[in-house]
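# Understanding the architecture of this molecule
In case you want the letters, here they are:
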Amino acid sequence: MRIDLHTHSNRSDGTDPVDVLIAHAKRDGLDVIALTDHDTADGWGEGRRAAEDLGIGFVPGIEISCKLSGISVHLLGYLPDPSYQPLADELATVREGRTDRLPSIVARLNEMGVALTVDEVLAQATGTPSVGRPHVADALVANGTVANRSEAFDRFLADGRPGHVSHYAIEPGRAIDLVCAAGGVPVIAHPWGRSSYKVMTAEMIAQLVSDHGLAGIEVDHQDHSPESRTALRAIAQDLGIIYTGSSDHHGVGKIDHELGVNTTDPEQFQRLLDVAKSNAAAATDATVPEAYLP
Ligand code: AMP
Ligand code: FE
Ligand code: FE
Ligand code: ZN
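I will try to describe carefully the structure that is included in this document. (Residues numbered from 1 in each chain as written. Chains lettered and ligands numbered in written order. Predicted model: local features only at pLDDT ≥ 70, side-chain atom pairs only at ≥ 80, totals over all residues. Heavy atoms only, no water.)

## Thoughts on the coordination of the iron ion (ligand 3)
- All of the protein donors around the iron ion (ligand 3) are Glu63 (OE), His74 (ND1) and His190 (NE2); their distances to the metal are 2.0 to 2.2 Å.
- Look at where the donors of the iron ion (ligand 3) fall in the sequence and you get E-x10-H-x115-H.
- Taken as an interatomic distance, the gap from the iron ion (ligand 3) to the iron ion (ligand 2) is 5.5 Å. On the criterion of sequence distance, the pair formed by glutamate 63 in strand S3 (residues 57-68) and histidine 190 in the loop between strand S5 (185-188) and helix H9 (202-212) is long-range, its members being 127 residues apart. (Donors = N, O, S within 2.8 Å, 3.2 Å for Na, K, Ca; no water. Helix = DSSP H or I, 4+ residues; strand = E, 2+ residues; numbered from the N terminus.)

## Details of the coordination of the zinc ion (ligand 4)
- For the zinc ion (ligand 4), the protein coordination sphere consists of His6 (NE2), His8 (NE2), Glu63 (OE) and Asp248 (OD), at 2.0 to 2.2 Å.
- The site at the zinc ion (ligand 4) holds four donor atoms, and with the angles between them running 80 to 168 degrees, its shape is irregular.
- Expressed as a motif, the donor residue spacing for the zinc ion (ligand 4) is H-x1-H-x54-E-x184-D.
- A separation of 4.5 Å is found between the zinc ion (ligand 4) and the iron ion (ligand 2). Linking histidine 6 in the loop between strand S1 (3-4) and helix H1 (18-27) with aspartate 248 in the loop between strand S7 (242-245) and helix H11 (266-282), this pair joins segments that are 242 residues apart in sequence. (Tetrahedral: all angles 85-135°; square planar, octahedral: opposite > 155°, others 65-115°.)

## Let's talk about the site of ligand 1
- Contacts to ligand 1 come from 13 residues, most closely from His38, Arg98, Arg101, Arg133 and His250.
- At 3.5 Å from an oxygen atom of ligand 1 is found a side-chain nitrogen or oxygen belonging to histidine 167.
- For ligand 1, whose free accessible area comes to 500 Å², the fraction covered by protein is 88%.
- Its residues placed into classes, the shell around ligand 1 shows two nonpolar, five polar and six charged.
- Two domains each put at least three residues into the shell around ligand 1: domain 1 (3-82 + 171-282) and domain 2 (102-157). (Near = heavy atom within 4 Å. Polar contact = N/O pair within 3.5 Å; in protein donor to acceptor, adjacent residues only side chain to side chain. Areas by Shrake-Rupley, 256 points an atom, 1.4 Å probe, with all protein chains shown as cover. Nonpolar A, V, L, I, M, F, W, Y, C, P; charged D, E, K, R; others polar. Domains from an automatic or database assignment.)

## Examining the pairing of strand S2 (residues 32-35)
- Taking every second residue as pointing to the same face, both faces of S2 are buried, with Val32 and Ala34 on one and Ile33 and Leu35 on the other.
- One ladder, built from two bridges, connects S1 with S2; its direction is parallel. The residue bridging isoleucine 3 from the neighbouring strand is valine 32, located in S2.
- One crossover worth recording links S1 to the parallel S2 by way of H1, and it is right-handed.
- Examined bridge by bridge, S2 and S3 share four bridges and lie parallel to one another. Each residue of the ladder has a partner; that of alanine 34, found in S3, is valine 59. (Buried < 20%, exposed > 50% of the residue type's maximum accessible area, 1.4 Å probe, protein only. Pairing = 2+ DSSP bridges. Right-handed = clockwise from strand over helix to strand, strands pointing away.)

## Some points on the environment of glycine 251
- With respect to the helices and strands, the residue glycine 251 is situated in the loop between S7 and H11.
- Along the primary structure glycine 251 and serine 65 are separated by 186 residues, whereas in three dimensions their C-alpha atoms are 20 Å apart.
- When near neighbours in sequence (up to four residues on either side) are disregarded, glycine 251 contacts Thr15 and Asp16. (Contact = heavy atoms within 4.5 Å.)

## Here's the deal with the sheet that holds S3
- The strand order across the open sheet formed by seven strands is S1-S2-S3-S4-S5-S6-S7, and the pairing between neighbours is mixed. What marks the edges here is a single partner per strand, and that holds for S1 and S7.
- Relative to S3, helix H8 (residues 172-181) is tilted by about 150 degrees, and along the sheet it contacts S3, strand S4 (71-78) and S5. (Axes fitted to C-alpha atoms, helices over the stretch in contact; angles between N-to-C directions.)

## Re the nonpolar core
- Ile64, Leu75, Ile188, Met200, Ile205, Leu214 and Ile217 are the most contacted members of the largest nonpolar core, which totals 32 residues.
- Elements with a minimum of two residues in this core: S3, S4, helix H3 (85-100), H8, H9, strand S6 (216-220) and helix H10 (226-239).
- Ranked by residue count, the leading element in this core is H8, at five residues. (Core = buried A, V, L, I, M, F, W, Y, C linked by side-chain atoms within 4.5 Å.)

## Some thoughts on the environment of leucine 259
- Residue placement: leucine 259 occurs in the loop between S7 and H11.
- In the structure, leucine 259 is positioned 113 residues away from valine 146 in sequence and 26 Å away in space, judged by C-alpha atoms.
- Apart from residues no more than four positions distant in its own chain, leucine 259 is found in contact with Asp4, Thr7, Leu21, His24, Ala25, Asp28, Leu30, Ile33, Ser247 and His249.

## Some points on the packing of H1 against helix H2 (residues 44-54)
- Here H1 crosses H2 at 35 degrees, and the two axes come no closer than 9 Å. The two elements H1 and H2 cross, and the hand of that crossing is right-handed. Between H1 and H2, the contacting residues are Val18, Asp19, Ile22, Ala23 and Lys26 on the first element and Glu46, Gly47, Ala50, Ala51 and Leu54 on the second. (Left-handed = near helix turned anticlockwise from the far one by under 90°.)

The structure is reproduced here in structure tokens:
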């Protein structure tokens, strides 16, 4: 069983339409794929249909933008009810914040002498409700400023670079509460990735487990060194929580994140489904979706 629990389509900042992403997952020999676009569940219906057509397992998920002490943290939510109102409201606020920051990003780049307009960015984000820095990068590629997304991030958009303007994001504890109340399974994405390693200490992970019901952490991820993976797996085992492995695939938008480059152990996936079942049973205000497992 090859299980990849973290991927993006062009409903957020991946480059493939949902049906193409699912077809690629089938082509690449995956048995189960989770679609986890940033702050939106828009692709779920299409993803499920495509997965059913091709006979590949499909888990609807979402990657929620969180912020702790000013540092960006991502929370994966598997199988929550996206129409559960308190969650839907917070996600809408995050998406608004994503779009509202575009004029400041563009102004900062213009000050550096880089030609760019908000409309050029929006032209790269048609069909997505969740505009991100990668779409700014795509606009810079389109107007010839840079060769690819990586160059755009390295020169202008990476955390701490002038074109990085943060957006509204949710406190992780609250996001975990919301995912649980919506009947889903909360898993911290790449806890020791780019910047989140500064705040996602073993103590913080333990606190999110005990105070909020964090169910797991992503361990096998391209942002984690072999040493980090070993240490994070030990933390998960210590706390008795789930550990996952995933590609964080973004189509051609992120090099070295091919589908299935990391996978989740079937035993850990079963635990995740078990938590989904009990969280769904406890979430009386939510109508939870089901995974499709042929
Ligand atoms: P945002 O949430 O819109 O501020 O942008 C964060 C997204 O940008 C992440 O989810 C990644 O998809 C992407 N990203 C961040 N850093 C890089 C990088 N160095 N190269 C390529 N993509 C990146
Ligand atoms: Fe992304
Ligand atoms: Fe992420
Ligand atoms: Zn991701």
